[in-house]
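Chains, contacts and geometry: an overview
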Amino acid sequence: MLNPSKKTYSSRLSVLLAGLGLVSVIVMGCTQKPVKKQAATLAPVVASTVSAEKGKKLYGNMCSECHGRNGQGVPGDAPPLRGLVGSRVKLTDGTTVMADDAYILQSIRKPGAKVVNGYSAMPDLGVGDADARTLISYINSLK
Ligand code: HEC
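1. Focus: the overall build of the protein chain
Scanning the protein chain for helices and strands turns up four helices and two strands. Listing every helix and strand of the protein chain by position from the N terminus yields α-α-β-β-α-α. For the protein chain, the residues scored as buried account for 10% of the 143 residues in total. Summarising the internal contacts of the protein chain: among those between residues at least 6 apart in sequence, 50% fall at separations of at least 24.

Right, here's the structure in full:
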């Protein structure tokens, strides 16, 4: 004959095991939280590195023939982009402008709007907004 107390024992055991499983899932869930937070703060850094790498490729294809392979510029042809970020640029109209991201974005997308003193205007290469921002990440890395 089947022992009823044994049956109860084994079902209690399975409840206990299920409970343990649940507790360990909860504990693991809790200990994983700080890791997730850390990943979130690291994400922008990783993203900007990736973006600068992509920008480097675009730069090599679209810009390097005039601005030089490493952004060093070509005398008489196109100004250097290395060291440009944060500097003051003299324009053909005699004014100066701070080379921040907004100025660089305009230089790429609307090249005729502000022309660097001593140069003829850069041609409009039809660079889209997303590509321009990727290029800016790269130009920012040329410090
Ligand atoms: C055909 C040659 C040529 C190409 C290609 C070219 N540029 Fe230029 N770029 C110039 C010249 C010339 C100037 C300076 C005159 C002016 O400001 O328009 C200039 C100016 C700039 C400036 C402002 C520099 C400063 O000192 O203020 C930026 C930023 C710039 N270019 C970015 C780019 C990027 C990014 C690309 C590629 C998408 C590119 N250029 C492609 C010729 C070129």
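That was the structure; now back to the text.
2. Quick notes on the site of the ligand
Taken together, 25 residues surround the ligand, and among them C63, C66, A78, Y119 and M122 come closest. A class-by-class count of the residues in the shell around the ligand yields 21 nonpolar, three polar and one charged.

3. A closer look at the environment of T49
Topologically, T49 is positioned in helix α1 (residues 4-62). Separated by 89 residues in the primary sequence, T49 and Y138 have C-alpha atoms spaced 8.8 Å apart.

4. A few points about the confidence of the model for the protein chain
Put simply, the protein chain has an average pLDDT of 82, and 69% of its residues get 70 or more. Confidence drops under a pLDDT of 50 for residues 22-27, and excluding neighbours within four residues, the segment shows zero contacts in the predicted structure.

5. Topic: the packing of helix α3 (residues 101-109) against helix α4 (residues 129-141)
In contact at an axis separation of 10 Å, α3 and α4 are set at 125 degrees when each is read in the N-to-C sense. By the criterion of interaxial angle, the relationship of α3 to α4 is oblique. α3 and α4 meet at a crossing whose hand is right-handed. Residues D101, I104, L105, I108 and R109 of α3 lie in contact with α4, whose contacting residues are A132, L135, I136 and I139. Per-class residue counts for the contact of α3 with α4 are seven nonpolar, no polar and two charged.

6. Structural notes on α4
Because an α-helix packs 3.6 residues into every turn, residues spaced three or four apart end up facing the same way. For α4, with 13 residues, the first-to-last C-alpha span of 19 Å sits near the 18 Å given by 1.5 Å per residue. All of the buried residues in α4 are T134, L135, I136, Y138 and I139.

7. Things to note about the nonpolar core
Counting ten residues, the largest nonpolar core consists of Y59, C63, L81, L84, I104, I108, L135, I136, Y138 and I139. Listing elements by their share of this core, those giving two or more residues are α3 and α4. No other element matches α4, which puts four residues into this core.

8. Digging into α3
Inspection of α3 places I104, S107 and I108 among the buried residues, and these make up the whole buried set. Seen along its axis, α3 keeps its buried residues to an arc of 95 degrees; they face one direction. Looking at the buried positions of α3, the neighbouring elements they touch are α4.

Thresholds, definitions, all that
Counting restarts for each chain, with residues numbered from 1 along the sequence as it is written. In view of the model being predicted, local features appear only for residues whose pLDDT reaches at least 70, and side-chain atom pairs are presented and counted only at 80 or more, with totals across whole chains, interfaces and linings using the full set of residues. Elements are defined by DSSP. Helices are runs of H or I of four residues or more, strands are runs of E of two residues or more, and each kind is numbered from the N terminus. Here exposure depends only on C-beta density: within 10 Å of a residue's C-beta, 20 or more other C-beta atoms make it buried, 12 or fewer make it exposed, and intermediate numbers make it partly exposed, the C-beta atoms being placed from the backbone. By the convention adopted here, residues make contact when the C-beta atoms placed from their backbones lie within 7 Å. Each residue receives a C-beta atom built from its backbone; the residue is near a molecule or strand if that atom lies within 6 Å of it. For this classification, the nonpolar set comprises Ala, Val, Leu, Ile, Met, Phe, Trp, Tyr, Cys and Pro, the charged set comprises Asp, Glu, Lys and Arg, and every other residue, Gly included, is treated as polar. For every residue, the pLDDT score states the predictor's confidence, bounded by 0 at the bottom and 100 at the top. Structural elements are reduced to axes, namely lines fitted to C-alpha atoms, with helices fitted over the stretch in contact, and the angle between N-to-C directions of any two is expressed from 0 to 180 degrees. Put simply, angles under 35 degrees are roughly parallel, angles over 145 are roughly antiparallel, angles from 65 to 115 are roughly perpendicular, and the rest are oblique. Left-handed is the label given to a crossing in which the near helix is rotated counterclockwise from the far helix by less than a right angle, and right-handed is the label when the rotation is clockwise. A helix is expected to span 1.5 Å multiplied by its residue count minus one. In these notes, a nonpolar core means any group of buried Ala, Val, Leu, Ile, Met, Phe, Trp, Tyr and Cys residues linked to one another through C-beta atoms within 7 Å. Arc, as used here, means the arc of the directions from the helix axis to the C-beta atoms.

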